[in-house]
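Letter by letter, the chains look like this.
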Amino acid sequence: MMKSKRVFVSGSLLWGLAILTSTLVKGQDLRSLAEANFASGESLWYGQYSSDESGKKAEYLDCCSPCPMIYGYVEALFLQRTNCSFDQPIIVQSIAGIPVATFLSTSDLDFEYEPGVRALFGIRLHGGWALEGSYLGLWDSDASLVIVPPDESTNLTFPGGLGGTNVFSDPDRIWTTYSSSLHSSELNLVCCSGYCDTFGGKGDLKDDVGGCHPRCQTVEWLVGFRYLSLNERLRIYGERDQIGQDRIFREEAGIYSVRTNNNLYGAHVGARTRHWRERWGWEATGKAGIFANDAQQEQYVIDYQEFVVRPLTSASTDRAAFIGELNLTGIYRLNENWNLRAGYNAIWISGVALAPNQLDFSGELPAGNQLSSNGSVFLHGVNCGIEARW
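Since the model is a prediction, treat every value here as computed from it, not as a measurement. Numbers given to residues run from 1 along each chain, matching the order in which its sequence is written. In keeping with the predicted nature of the model, local features appear solely for residues at pLDDT of at least 70, side-chain atom pairs appear and are counted solely at 80 or more, and the whole-chain, interface and lining totals rest on all residues. Computation of side-chain values: all heavy atoms of the structure, hydrogens and water removed.

As for the pairing of strand 2 (residues 89-95)
Then, number 1: With 5 of 7 residues buried, strand 2 lies mostly within the body of the structure.
Then, number 2: Relative to strand 3 (residues 98-105), strand 2 runs antiparallel, the two being bridged by 6 bridges. Directly across from V92, in strand 3, lies its bridge partner T102.
Then, number 3: The rule for pairing is simple: two strands pair if DSSP sees at least two bridges between them. Helix and strand labels come from DSSP, where a helix needs a run of H or I of at least four residues and a strand needs a run of E of at least two; each type is numbered from the N terminus. Once strand 2 ends, the chain turns through 2 residues before running back antiparallel as strand 3, passing A96 with a positive phi of about 55°.
Then, number 4: With 2 bridges joining them, strand 2 and strand 6 (residues 156-157) adopt antiparallel strand pairing. Looking across to strand 6, one finds that Q93 is bridged to L156. Note on classification: 1.4 Å probe, protein chains only; a residue is buried when its accessible area is under 20% of the maximum for its type, exposed when over 50%, partly exposed between these limits.

Written out as structure tokens, the structure reads:
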């Protein structure tokens, strides 16, 4: 089932990239039409920008340049995360030391829509070439669950030999918290070409853009470097009520903690197409790349009275990872320079170490010193923000 889900998501991303590429290729056919129109003085032709041969900005092209000199946007993101992790039991019911039912597994730790931010800034270097930097950040995505035995006869514990610890052999309460943060930075070299029909049509931007009614399309190819950091923490905290021989009530506590860090870096390629008229427009972007992932994990288990059941152990590895990203955004033009943006995103990350995949309930040392780095993350959700183009 998990393999089918990964194939479906990967196929969807590749299908989206194929459609985007097809659209961009079709956009190149505008060149012959644009050149013909330019000869008759009716349009801004493919490859012409808002500067003359001396490099100064040409006034008659100010409002109609398809590829801006300076541009950028800031957006709020609301993304939901789906983990393609192992469906591993965490808390089970046992009878005579034999697990008979699963009360909590790693697949039960679901994330809600979490806020984030994305910012982009670009500046044209020469002709259609531009340098573009961007940042995407999601902070402290959290999933948590509390497990309480339904009755006194229900014995909950860890699966495996680790369930023989003092607290986790029969806890009265168990809290499980799973947190994650993601930060991504990019530096891209962008090649932009486009076409604007500056005549014809009616629109209410006439006063804002000096009588220019642009109907434009741009095609942008990009290649660049990307760094992505994915950090996670999983904590299982248990409590057990106990009355000693001295009839003093004591609350025993234990914890199982796992941390993972993924540092992905490498080159990627992508494409972006943009279409707009007097007031409305849209933009589609697709990017994909193979990255190196420097992954690490560390974990420990502490029982009652800070007894160290498993000391801090760690592991690390280097492996290949994949990042694919698609975005479709609608654009509402406020005036010549300012636009509102709203759209939908899908991001697929594979070949990473997820905290739940590192759980090791073996009761004998060495344990917890292995690293599983073949997990995947799928993020999807909306974006909204404001854009400026000059």
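Anyway, onward from the coordinates.
Re the sheet that holds strand 3
Then, number 1: If you trace the 3 strands from one edge of the open sheet to the other, you get 3-2-6, paired in antiparallel fashion. The open sheet has two edge strands with one neighbour each: strand 3 and strand 6.

Focus: unusual backbone geometry
Then, number 1: For D140, which is not glycine, the phi torsion reads 50° and is therefore positive.
Then, number 2: Note that D140 resides in strand 5 (residues 129-147).
Then, number 3: With relative accessibility at 53%, the residue D140 sits in the exposed group.

Remarks on the side chain of T157
Then, number 1: Among the secondary structure elements, T157 is positioned in strand 6.
Then, number 2: If we ignore the near neighbours within four places in the chain, the residues touching T157 are I90, I91, V92, S94, G163, F168 and S169. Any two residues whose heavy atoms approach within 4.5 Å are treated as being in contact.

A word on the sheet that holds strand 7 (residues 173-197)
Then, number 1: As summarised here, the arrangement of the 10 strands in space is 1-4-5-7-8-9-10-11-12-13, forming a closed barrel in which the pairing is antiparallel. Across this sheet, the average inter-strand angle for adjacent strands is 20°, counted without regard to direction.
Then, number 2: One ladder, built from 19 bridges, connects strand 9 (residues 249-276) with strand 10 (residues 280-303); its direction is antiparallel. Each residue of the ladder has a partner; that of S257, found in strand 10, is Y300. Axis definition: a line fitted to C-alpha atoms, over the contacting stretch in the case of helices. Angles run 0 to 180 degrees between N-to-C directions.

Looking at the packing of aromatic side chains
Then, number 1: Pairing of aromatic side chains requires ring centres within 6.5 Å, counting the rings of Phe and Tyr and the six-membered ring of Trp. Pairs whose planes differ by under 30 degrees are stacked, by over 60 edge-to-face, and all others tilted. Scanning the model with the defined rule gives 9 aromatic pairs in all.
Then, number 2: Each ring, one from W175 and one from Y237, has its centre 5.8 Å from the other, and the planes form 45°; the classification is tilted. Of the two residues, W175 sits in strand 7 while Y237 sits in strand 8 (residues 215-243), which places them 62 residues apart along the sequence.
Then, number 3: For W175, a relative accessible area of 31% translates into the label partly exposed.
Then, number 4: Residues W348 and F378 carry aromatic rings whose centres are separated by 6.4 Å and whose planes lie at 50° to one another, so their mutual orientation is tilted. With W348 in strand 12 (residues 338-352) and F378 in strand 13 (residues 375-389), this residue pair connects regions lying 30 residues apart in the sequence.
Then, number 5: Put simply, the rings of F158, F168, Y256 and F361 pair up and form one aromatic cluster.
Then, number 6: Over the ring of Y73 we find R341; its NZ or CZ atom is 4.0 Å from the centre of that ring. Two limits define a charge over a ring: the Lys NZ or Arg CZ must be within 6 Å of the ring centre, and within 35 degrees of the ring normal.

Don't take any of this as a statement about function, it's just geometry.
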